[in-house]
Structures are given as structure tokens and as C-alpha cells.
Amino acid sequence: MPPQILTQISPKLAFVLSTIIIAIMGVTMIGFGWVPHLSLILAICVLLAIGLIKGLSFDEMQSQMAVGVLRGIGAIYLFFFIGLMVSALMMSGAIPTLMYFGFELISPQFYYISAFVLTSIIGVALGSSLTTVATLGVAFIGMSHAFDANVAIAAGAVVSGAFFGDKMSPLSDTCTIASSIVGIDLFEHIRNMTYTTVPAWILTFGLFWLLSGDTTTSDLSQVRALQTQLVDSGLVHGYSVLPFVVLVVMALCRINAIYTIICTIVVALIITYVHSSPSLADLGGYFFSGYHPAESLDLGEVGGMLSRGGVNSMFFTQTIVILALSLGGLLTALGILPALLTGIKDSLTTSGRAIAAAAMSALSINVLIGEQYLSLLLSGTAFRPVFERLNLHPKNLSRTIEDAGTVINPLVPWSVCGVFISQALGVSVIEYLPYAFFCYLSFFLTIIFGFSGITITKTNTTAQPVVTPS
């Protein structure tokens, strides 16, 4: 059930109020460096004050905030299971084994392609773009000097691969948010994203292939050191990739995401006890606080890569989701979102225009506020009624906001991802931006597909994409 509209306002007033809310969040997050939670709470307080001025009771507004949260409750539940799964995949060796064999793909002759492909693989395995950048990305930047490679191109390759992983991994919080905010299954969302993501990945691969050939042959001592550390962790075993096989097969069979994750965790636990025997106390600690290699092991950078997961790691994102959904419910109850959509409703008459508007909304929030999660949550909440009115399947919307929200954030110099990446790699956003091909190719392809009707699915069709007129 969507939040109810408790009061009517004009599109002009809605525009003014929404501008004030965006300014509040933008100034506090960009100017003062606040975490998104505090900015969201402040924005909610301002809206509550506006509601009281308009004669609404607190109970009425609180009720609609709760309705807003209920629309995304699936994401909140799913995050618990994802935290558990990441820990299970770490302790079973599934992720470390995938990383170990992934390092075999590095080629000095095709250095940029190596950086892109490997960060894509590790990004999917870890489900975190920033973790991939802060660990593997830093290693690639260090190796760039030994290979006489262009550091800006290498950084673009790392960012492209890392955000491919963030976008497509079932372990990714952005992937989970995008699917849950529109009310579809996580794996249905991932399958639908392949229609824009795979072409973007292939085009990016081709562009980095054209840029290859300028690097010199050098030893791979840094890579071998990382592989040695992975072996020293005691987690690298060929059979350890079995949980990933279970995950992929069940996802392809379109089994519910939570059931798929539970089965993956069970298989990972069985494999864990094949090569180690953690106590139930240790197991509880890993599941809550995340897996951490034994302190007696000197694993260097790899130790940081492997210290991930746990229910606790999901709390930051879960609370952002709760607050953002509450904000969305309040914006609807006060009539702000409906009035804004009324102002552009006459122009949003086709799938192409609706998708372009949703994409521009996600991009604009990234630019104005610099927050990746809010670009997904606010755009998804605002445009869900539009897609329903046009009889467009909600997976079209979830794909659009990922193509224009998740992967655009690292291209904004003052965004959360942009600031983090530039500091971690020592390469400014402006330097790597021209070479982060995957990020803006995803955006352009989702717009092109929207207007052409390619892979756009209507709600009264089967799950297979169909071509519809724009």
C-alpha cells in the first residue's frame, strides 16, 4: 500500500520545498561532512514542521512514514541474510579462492584489460566497489609505475570494474536497495540488468583493448605476493567455489533471493567444516561481526580484503534505507512528490520519457547531494507510480536507477564515492573520469534502450523482455 496524500500543494510550492530539502542534505553532507543519516533526520524534522504548519497531526505523518518503510521492508530483511552470506563465503574460502585464480588473469601486455577484468570479478565476489578500490585498486595503481602504465587509465579501469561488481553482485547493498525499493526479487533485478550491463562491459573491454600495448613487460612480484598471502590464509581450495555455483544456479532457476542465500550459506558452512572446525562461539562472532583471519597470520593487504561480512556490517546501510524510506513516505504524505510528478505528468507519456526522467533524477541527486543510496531510494520512490501508470514492469525502474545512480556516483568529484576513490588511489576524479567507460556507457545505454523499447518489459507480458514503442 503506497503512502496516502494528506494534503494538496501546487507544483511550484512542491518545487520550492523539494529544493530546500535537497539544499539541506547537500550542504550538510558536502559542506559539513555529515553522514547521510544525520542529513536525513534533519530533512525529516523540517518536513514534520511543515506538516504541523499545514495542520497535520504527528500521528498521521508518522503513520505515512511507516507505510513508506514497509514498501522497502524486503531490503531491510535481505540485508541481514547478505551479511551472513558474506561471512560464510569468506570462512568457506569461496571468495579467497575466486580472488586467487582471478590474479592469474593479470597480463603486463594487456594491463588495463587485466585491471578491468580482475576488479570486475573481485567486485562481484566482494559486493563492494569501495572495498575493491581500496585493496585491489591500490595494488594496481602501485603496479602501474612498474609497468610504465598511464595511472589515470589504470584508475579508470579499476573504477569501471569495481562498479560493475557493485552493480551486479547479489552481495551488493546498492543492488539490494534498487530491487527492493521497487518491489521485485533481487535476482530478477540482476538478470534484467544484464541487458544494459553486458553490452556496456563488452564495449568497455574493447576500449581498454584499444588503449593496451603501451605498457612494458615487468615481473608480477606484487601479484605473486598477494597470491601467497591468500594461500597462507588456509582458505584457498578448488572445491570452495561450490557455494558460488549453488548461488548462480539457484538464481538462474529464479528461486527467491532469501531461499537462495540460505542454501548458499548452508553449503558454505559444510565446506568450512571440511577444512577447518570453528567453534560455535567463533561462528556466532563471524556471523555477527564479520569474518576475520587469525591474528597469528601475517596476511598484509589480503587480511583487509578477507575481513568482511556479518550482520553488524549491514546496520549502516539498513538505517539509511529506513530513514530514506521514511522521508519518501513523508514527501508523499505532504503532497510534494505527487505535485512534482503532476507538473511533468503530461510529458511522461512513453517508456522512453519515463526512463529518461528517472535516469536524470538519479543523476541529478548524485550531482546535487553526492549520495549514491539516496539517488536510488528517492528516484525509485518518486517514479514508481509513474511506471505503474504506464504499465511498465518495475524491473525497468530498478535497472534505470542502477544505471544512472549506482555507477554515476564515482564520476562526481564531491560525492561520497568520488572523494573516497580519489584519496585511496591518489588520482583525482577529473583525471580518471574520461577512462571510467563502463560508468557512463551504462547511463547512455539505459536511455537508448528506453527510447528504442529494446528489453523494456510491460507488466502484462511474460518475464521475457519485449520491444515496445517509446
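Because the structure is a prediction, the values reported are computed rather than measured. (Residues numbered from 1 in each chain as written. Predicted model: local features only at pLDDT ≥ 70, side-chain atom pairs only at ≥ 80, totals over all residues. Heavy atoms only, no water.)

A. Fine view of helix α16 (residues 315-333). Compared with the 27 Å implied by 1.5 Å per residue over 19 residues, the 27 Å span of α16 between its first and last C-alpha is a close match. Burial analysis of α16 places 15 of its 19 residues in the buried class, which makes it a mostly covered element. Just downstream of α16 lies Gly335, where phi reads positive at about 85°. (Helix = DSSP H or I, 4+ residues; strand = E, 2+ residues; numbered from the N terminus. Expected span 1.5 Å × (residues − 1). Buried < 20%, exposed > 50% of the residue type's maximum accessible area, 1.4 Å probe, protein only.)

B. The nonpolar core, seen in detail. Formed by 149 residues in total, the largest nonpolar core has its most connected members in Met25 and Phe383. The element best represented in this core is helix α4 (residues 73-91), accounting for eleven residues. Mapped onto the domain boundaries, this core takes at least three residues apiece from domain 1 (9-70 + 315-450) and domain 2 (73-287 + 297-310). Beyond its immediate chain neighbours, meaning those up to four positions away, Phe383 contacts Leu341, Leu348, Ala354, Ala357, Ala358, Ser361 and Leu397. (Core = buried A, V, L, I, M, F, W, Y, C linked by side-chain atoms within 4.5 Å. Domains from an automatic or database assignment. Contact = heavy atoms within 4.5 Å.)

C. Structural context of helix α5 (residues 94-102). Every buried residue belonging to α5 is among Ala94, Ile95, Pro96, Thr97, Met99 and Gly102, and all of these are buried. Buried positions along α5 lie against α4, α6 (111-126), α11 (221-232), α12 (242-252) and α15 (300-306).

D. How the structure looks around the domain arrangement of the chain. Under the domain assignment used here, the chain contains domain 1 (9-70 + 315-450) and domain 2 (73-287 + 297-310). Taken over C-alpha atoms, the centre of domain 1 sits 27 Å from the centre of domain 2. In this assembly, 46 residues from domain 1 lie in contact with 47 residues from domain 2. Buried area between domain 1 and domain 2, both sides added, is near 4,100 Å², and the carbon and sulfur share of it is 77%. Counting the contacts that link domain 1 with domain 2 gives one salt bridge. As a salt-bridge pair, Asp403 and Lys167 come within 2.2 Å of each other at their nearest N and O atoms. Our count for the contact surface shared by domain 1 and domain 2 stands at 13 residue pairs in polar contact (both at pLDDT 80 or more). For the side of domain 1 that touches domain 2, the elements supplying multiple residues, two or more each, are α3 (58-70), α16, α19 (372-389), α20 (394-406), α21 (416-425), α22 (429-432) and α23 (437-452). No other element matches the ten residues that α20 contributes to the side of domain 1 that touches domain 2. (Buried area = accessible area lost by both parts, 1.4 Å probe. Salt bridge = Lys/Arg side-chain N within 4 Å of Asp/Glu carboxyl O. Polar contact = N/O pair within 3.5 Å; in protein donor to acceptor, adjacent residues only side chain to side chain.)

E. Expanded view of the pattern of salt bridges. Throughout the structure, instances matching the rule amount to two salt bridges. A salt bridge links Arg384 to Glu388; the nearest nitrogen and oxygen atoms lie 3.6 Å apart. Of the two residues, Arg384 and Glu388 are both situated in helix α19; the distance of four residues between them amounts to about one turn of the helix. Given the relative accessible area of 16%, Arg384 is considered buried.

F. Expanded view of the side chain of Gln318. As for its position among the elements, Gln318 is in helix α16. By relative accessible area, Gln318 is classed as buried at 4%. Not counting the four nearest positions on each side in its chain, Gln318 is found in contact with Ile76, Phe79 and Phe80.

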